[in-house]
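# Architecture and fold: a report
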Number of protein chains: 4
Amino acid sequence: MEKIPVGILGATGTVGQKFVLLLADHPMFRVVELVASERSAGKTYREACAWKQATAMPEPIAELTVKALGDALTGRILFSGLDSSVAGEAETRYADGGHIVISNSSNHRMDADVPLTIPEINADHFALTKRQKRDGAILTNSNCSTMFLAMALGPLHREFTVEAAHVTTMQAISGAGYPGVPSIDILGNVVPYIASEEEKLETEAAKILGRLTESGIESAPFSISAQCNRVPVFDGHLETVSVKFASRVTPEDVARCLAEFRGMPQEHKLPSAPERPIVVTEEKDRPQPARDIMIQNGMATIVGRIRRCPVFDVKMVILGHNTIRGAAGAAVLNAEAYHALGYMS
Amino acid sequence: MEKIPVGILGATGTVGQKFVLLLADHPMFRVVELVASERSAGKTYREACAWKQATAMPEPIAELTVKALGDALTGRILFSGLDSSVAGEAETRYADGGHIVISNSSNHRMDADVPLTIPEINADHFALTKRQKRDGAILTNSNCSTMFLAMALGPLHREFTVEAAHVTTMQAISGAGYPGVPSIDILGNVVPYIASEEEKLETEAAKILGRLTESGIESAPFSISAQCNRVPVFDGHLETVSVKFASRVTPEDVARCLAEFRGMPQEHKLPSAPERPIVVTEEKDRPQPARDIMIQNGMATIVGRIRRCPVFDVKMVILGHNTIRGAAGAAVLNAEAYHALGYMS
Amino acid sequence: MEKIPVGILGATGTVGQKFVLLLADHPMFRVVELVASERSAGKTYREACAWKQATAMPEPIAELTVKALGDALTGRILFSGLDSSVAGEAETRYADGGHIVISNSSNHRMDADVPLTIPEINADHFALTKRQKRDGAILTNSNCSTMFLAMALGPLHREFTVEAAHVTTMQAISGAGYPGVPSIDILGNVVPYIASEEEKLETEAAKILGRLTESGIESAPFSISAQCNRVPVFDGHLETVSVKFASRVTPEDVARCLAEFRGMPQEHKLPSAPERPIVVTEEKDRPQPARDIMIQNGMATIVGRIRRCPVFDVKMVILGHNTIRGAAGAAVLNAEAYHALGYMS
Amino acid sequence: MEKIPVGILGATGTVGQKFVLLLADHPMFRVVELVASERSAGKTYREACAWKQATAMPEPIAELTVKALGDALTGRILFSGLDSSVAGEAETRYADGGHIVISNSSNHRMDADVPLTIPEINADHFALTKRQKRDGAILTNSNCSTMFLAMALGPLHREFTVEAAHVTTMQAISGAGYPGVPSIDILGNVVPYIASEEEKLETEAAKILGRLTESGIESAPFSISAQCNRVPVFDGHLETVSVKFASRVTPEDVARCLAEFRGMPQEHKLPSAPERPIVVTEEKDRPQPARDIMIQNGMATIVGRIRRCPVFDVKMVILGHNTIRGAAGAAVLNAEAYHALGYMS
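Residues numbered from 1 in each chain as written. Chains lettered and ligands numbered in written order. Predicted model: local features only at pLDDT ≥ 70, side-chain atom pairs only at ≥ 80, totals over all residues. Heavy atoms only, no water.

### Remarks on the relation of the copies chain A and chain B
Superposing chain A onto chain B takes a rotation of 180° combined with a translation of 0.0 Å along the rotation axis, leaving an RMSD of 0.0 Å. What the rotation and shift describe, once combined, is the action of a two-fold rotation axis. Both copies share a contact surface, since 100% of the interface residues of chain A are interface residues in chain B too. (Least-squares fit on C-alpha atoms with pLDDT ≥ 70 in both. Contact = heavy atoms within 4.5 Å.)

Quick look at the structure:
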């Protein structure tokens with residue numbers, strides 16, 4: 001099979017670099033162009049990019065010449081890791097021009113005709129793209145923290161009906177991009193605030209778990225309260241979550257439901273799909289970011305310490321790799337799922 | 001006024017070292033004896049102690065010869081920073097023998113006749129000591145995380161009636177003592193588990209905010225759900241809290257109530273009392289452990305980000321210095337208050 | 001005595017904030033003006049400054065209105081914590097205009113007629129200012145890493161003659177200012193490079209220990225090789241140093257020489273002078289930045305592990321507080337010494 | 001080819017865990033037994049081991065029943081990650097009993113008849129084992145810090161003759177094992193002392209680069225001065241090194257010599273051999289532990305910032321993965337090399 005030519009928007013950024021790593025040897029996609037700011041345009045990717053990954057820059061991609069945002073592109077799919085200050089307009093323009101824009105940016109996530117999808121949970125929402133008045137389309141994945149929350153709430157809501165959830169996040173510095181968080185602010189510290197993050201957690205999950213209707217997505221009727229913190233951790237967002245259900249649900253019910261869960265990416269055996277989307281841990285002190293984020297190549301959502309909550313019904317600890325499953329990997333899986341379901345033919 | 005001779009039990013430990021710092025120049029108390037394990041007994045404090053404080057060991061105390069746990073003591077008050085593996089029996093023995101034991105250990109906190117006190121909140125509970133069948137008495141302060149939660153819930157519960165609260169803690173490594181948390185476990189990591197900590201948070205606050213009756217303390221009728229995490233922070237426990245009230249309460253009500261709050265230590269101008277027991281911050285990203293724990297010499301509880309909660313009524317971020325107000329400073333303030341209220345005459 | 005009115009150039013930066021702290025209650029100086037960039041000008045210091053200190057912003061200074069660089073100033077002395085990108089010209093202009101500019105910036109340090117001084121070591125170099133063709137004068141202190149090296153080499157060179165030294169530094173993040181080092185670059189990492197730092201260490205010490213002659217400073221004839229590293233430490237530069245002497249010198253000689261050393265600030269009992277400029281530690285694993293930098297209010301140079309070197313003569317570990325003795329405190333002490341020696345009358 | 005049955009001594013420790021990872025799918029070796037303390041004996045490895053690796057415990061090995069030190073063993077080769085408190089006697093006993101003991105412990109390294117080898121540098125020293133009066137043999141690899149120093153000095157000494165070197169190390173916490181360094185001692189800190197480490201660096205390299213003679217190893221005649229520091233880095237030892245040569249050597253000579261270097265493991269294409277034993281970096285701020293230690297699966301020695309030294313001839317920065325190439329990986333490569341050279345037939 002001929003590989004589909006793809007481009008990466010915002011290729012020199014933190015998410016862009018993960019796209020490069022995840023797409024370098026991808027069985028379905030072939031990176032043909034990298035797009036960054038004017039400042040980088042015309043340089044090779046090797047010259048333009050302050051590479052911050054623990055593995056080396058993939059060789060053939062390193063030699064690609066970086067294009068400027070706005071240049072005409074040839075990639076059928078464009079993966080966008082653009083900063084939200086420029087993503088809105090640029091993504092619209094490329095989608096109007098016929099490209100499939102698979103975006104990790106927040107700008108279009110809550111647009112009525114844009115799917116906000118986790119393929120395991122709501123691949124049916126892809127159908128929204130047919131309502132977009134564009135030659136191409138825009139698809140989005142959720143905010144990184146929302147990803148792991150929605151992944152865990154998804155199967156629980158379908159089986160038991162979630163009424164409310166409290167979530168407190170402890171988020172890694174890599175989530176803030178580069179240069180991101182100054183070390184003076186975070187070394188030996190916790191910052192109990194991340195701009196716009198709580199709002200995203202409180203709204204995006206309800207759209208993802210919502211119902212596709214004639215008039216758009218009808219949000220799931222639960223409420224979420226989020227408190228977001230930055231912690232001195234390199235990669236991996238940890239979340240403490242307490243859930244209230246519509247009926248009596250035990251920790252055992254929750255553990256069983258999550259461990260058994262499989263979705264469309266698993267059925268289709270998509271290249272980036274983790275074998276088990278949710279991994280349930282048994283140890284009393286896990287999951288931990290420094291130990292567990294690479295389970296299933298960083299594509300799993302790990303849930304541990306599932307136990308009774310004295311206030312709500314069940315509480316638990318959720319972990320995921322924020323720049324893989326929580327960002328670039330989510331977008332790549334969206335693209336694989338969108339293609340597998342026949343939307344691109 | 002003649003200073004009251006006091007001893008420190010567990011003087012070489014993390015809490016013991018803070019006792020030494022806080023009592024070195026205390027206007028009411030004079031350290032006359034230091035007690036530690038057999039291994040340390042007979043050595044000078046300087047020799048026996050692996051001093052881990054950022055300021056130097058106070059000179060005259062450094063030359064005291066360390067006694068062994070069980071030795072006869074002369075201190076009228078004994079401050080106990082003993083490990084819970086030995087505190088229970090040793091504290092009982094010394095209290096039976098006529099000493100006032102002011103303990104930071106958890107062993108006797110929930111005993112029916114032992115006051116678990118924060119002088120600003122429930123100094124009336126000191127009266128319980130009269131029911132102890134001992135020549136001396138045992139008083140306790142709360143667990144470090146409970147301290148800041150109970151301090152914030154105290155005035156709110158009295159004015160508005162708290163029904164429930166969700167709390168997630170991010171706790172400093174100094175709370176685990178020495179050697180405590182291995183660096184391999186916490187550098188660039190979060191450990192979502194601290195032994196027995198959630199249970200303490202879920203039970204101690206209800207006793208502190210309970211009502212003193214003929215038959216003992218009647219616990220406050222709210223429920224608390226806690227999720228406790230260890231983070232790579234040196235000093236300072238940060239807590240995200242969502243509170244449900246019995247009636248409609250706004251963030252402004254909460255901020256006003258907390259900022260105005262004063263208690264018995266402030267009225268009596270006790271030496272270790274912070275001028276304002278609760279400091280309310282306005283900045284969007286505060287309080288932070290590395291920046292704010294030394295407000296009012298580490299004796300304040302700092303509350304910020306007071307805002308509406310989409311699930312409960314109000315959510316907020318609470319911070320305190322775990323080894324000062326959360327441990328040694330709490331015990332010293334208990335002793336000052338107990339004395340000021342005439343219980344020692 | 002009337003306090004001398006002083007201004008602070010670059011008042012909102014990391015070094016500027018330390019100037020504010022050190023000068024807030026100074027017995028000789030009174031802060032009358034704060035200067036920062038155009039962006040900050042016109043705001044109060046409280047509004048303009050992202051305060052990053054662990055203690056609160058001093059109250060009266062917080063209300064001063066920030067002036068812009070270039071504005072006419074009234075301070076007799078101007079303490080400069082300006083970035084080197086603007087310090088050169090601005091400092092020259094203010095010194096030409098009659099101000100005494102006490103600079104922490106690197107721009108003028110190696111100028112032939114500008115003293116680069118540590119008052120304990122080479123206060124005689126202040127005389128150079130008389131050769132400056134200015135109504136005012138410029139004085140500088142050394143780079144932060146050089147400070148502690150020169151302070152230790154100073155007495156050793158005078159007594160024994162230093163021939164060469166190898167130094168490797170492990171420098172705190174606060175030395176890079178704010179926002180400074182991105183956390184992604186330094187959390188759990190060491191960066192073996194700091195721009196221009198090795199050059200400063202290799203040249204500045206030789207000027208400081210040089211001889212004042214008719215034609216300027218004749219550099220000390222030893223050679224230094226420096227390797228500089230950034231480490232995830234908040235405050236405090238640690239340096240491993242091996243020294244080769246012209247004659248046989250033992251570790252005991254070095255320890256005795258350093259511990260006995262006193263200089264002009266100690267004789268004059270200058271307000272910011274540490275009682276002992278060099279503190280020699282005996283413990284096998286000290287000095288350590290997180291434990292020892294506040295010895296003598298951050299104004300001491302701490303030297304430990306003095307032992308025989310198998311290649312040179314003696315090796316040792318040196319520590320100092322980079323933003324106090326290594327920057328703002330050094331400048332304040334320079335001003336005190338310059339005044340005490342009568343240069344300002 | 002039948003795989004050689006091997007055992008791991010000290011299998012539950014930090015180095016033992018790396019042995020498990022490196023040997024799990026080894027093409028020449030098959031793990032048949034795991035040995036640990038009495039406390040672990042009888043349990044499965046999964047039960048006995050506090051696994052601290054970022055990847056999961058290899059499945060078949062997890063089910064092996066742990067044996068006690070002293071039990072009769074069947075492994076032809078025994079890889080030893082034993083603590084030095086027990087390694088000396090235990091390794092002697094097993095080697096006397098016919099096993100090939102490949103040890104990472106320090107106890108026998110300086111024994112006259114025990115090879116201390118880096119196969120790229122001194123595989124000829126293996127011949128020493130024939131002089132051991134044992135049915136089996138003991139082979140050792142160097143201390144972790146020595147490994148990277150000796151690897152870099154090896155080719156330089158052979159081509160140019162090294163006369164002296166100054167080295168300062170910044171060593172990762174994983175080098176101290178588990179529980180190892182308490183977090184209170186190292187978070188935001190540097191500890192300028194590691195027990196016995198400087199002595200090892202100052203003596204082991206001279207043996208490795210020494211000459212095999214009739215009467216044993218004649219140490220290389222250069223002198224080394226080491227200063228060792230523990231830094232808050234997870235994995236990877238960084239070293240600043242200044243080298244004095246017998247004749248004029250330029251940075252370019254050094255870079256060329258190191259980059260071109262290949263040794264016996266490369267010629268024999270041993271399974272664990274890195275393609276290039278020494279990787280020379282060009283960037284001004286590399287190598288860095290958090291970025292570069294996994295180059296060539298953690299088996300490379302990375303050398304950067306090669307430049308002129310104002311005191312000696314050339315200075316540089318050296319990095320290696322302390323628990324892979326610096327410990328378990330070094331032992332595995334020793335075993336592969338020893339076998340490849342026919343010593344086991």
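### A few points about the interface of chain C and chain D
As a measure of interface size, the accessible area lost when the parts come together is often cited. Facing the 47 residues of chain C at the interface are 47 residues of chain D. In this assembly, chain C packs against chain D so that about 3,500 Å² is buried in total across both faces, 55% of it on carbon and sulfur atoms. Summed over the three residues of chain C that lose the most area to chain D, namely Pro192(C), Gln227(C) and Val311(C), the buried surface amounts to 17% of that side. Run the count over chain C and chain D and you get eight salt bridges. The residue Glu202(D) makes a salt bridge to Lys315(C) at a minimum N-O spacing of 2.7 Å. Summed over the shared surface of chain C and chain D, the number is 28 residue pairs in polar contact (both at pLDDT 80 or more). Mapped by element, the contributors of at least two residues to the side of chain C that touches chain D are strand E7 (162-171), helix H7 (183-186), helix H8 (197-208), strand E10 (223-230), strand E11 (237-245), helix H11 (289-292), strand E13 (301-308) and strand E14 (314-320) of chain C. (Buried area = accessible area lost by both parts, 1.4 Å probe. Salt bridge = Lys/Arg side-chain N within 4 Å of Asp/Glu carboxyl O. Polar contact = N/O pair within 3.5 Å; in protein donor to acceptor, adjacent residues only side chain to side chain. Helix = DSSP H or I, 4+ residues; strand = E, 2+ residues; numbered from the N terminus.)

### Some details on the relation of the copies chain C and chain D
With an RMSD of 0.0 Å, the fit of chain C onto chain D corresponds to turning through 180° and sliding 0.0 Å along the axis. Interface overlap between copies is the fraction of interface residues in one copy that are interface residues in the other; for chain C against chain D it reaches 100%, indicating a shared surface.

### Remarks on the domain arrangement of chain A
Residues and elements named next belong to chain A. Taken domain by domain, chain A comprises domain 1 (4-143 + 328-340) and domain 2 (144-321). One C-alpha centre belongs to domain 1, the other to domain 2; they are set 24 Å apart. Domain 1 puts 32 residues into the contact, and the matching count from domain 2 is 40 residues. Note on domain 1 versus domain 2: buried area summed over both sides is about 2,800 Å², and carbon and sulfur give 66% of it. Among the residues domain 1 hides against domain 2, the three largest losses belong to Glu120, Ile121 and Asn143. Together they make up 27% of the total. In this assembly, domain 1 and domain 2 are joined by one salt bridge. (Domains from an automatic or database assignment.)

### Remarks on the sheet that holds strand E10 (residues 223-230) of chain A
All names here are of chain A. With mixed pairing, six strands are arranged side by side in an open sheet as E10-E7-E11-E14-E13-E12. Across the chains shown, the open sheet's two edge strands, defined by having one partner strand only, are E10 and strand E12 (278-280). Averaged over all pairs of adjacent strands, the angle between strand axes in this sheet comes to 20°, irrespective of strand direction. Relative to E10, strand E7 (residues 162-171) runs parallel, the two sharing eight bridges. Paired with histidine 166 across the strands is serine 225, a residue of E10. Contacts from helix H8 (residues 197-208) reach E7 and E10, with the element oriented near 145° to E10. (Pairing = 2+ DSSP bridges. Axes fitted to C-alpha atoms, helices over the stretch in contact; angles between N-to-C directions.)

### Re the pairing of strand E5 (residues 100-103) of chain B
All names here are of chain B. On E5, burial covers both faces: Ile100 and Ile102 on one face and Val101 and Ser103 on the other are all buried. In this structure, strand E4 (residues 77-80) lies alongside E5, joined through four bridges in parallel fashion. Directly across from phenylalanine 79, in E5, lies its bridge partner isoleucine 102. You can see the chain leave E4, run along helix H4 (residues 84-96) and come back into E5, and the turn it takes is right-handed. (Buried < 20%, exposed > 50% of the residue type's maximum accessible area, 1.4 Å probe, protein only. Right-handed = clockwise from strand over helix to strand, strands pointing away.)

### A few points about the pairing of E7(A)
All names here are of chain A. Most of E7 sits inside the fold, with nine of its ten residues counted as buried. Bridging between E7 and strand E11 (residues 237-245) involves eight bridges; their strand directions are antiparallel. Along E11, the bridge assignment pairs valine 162 with phenylalanine 245.

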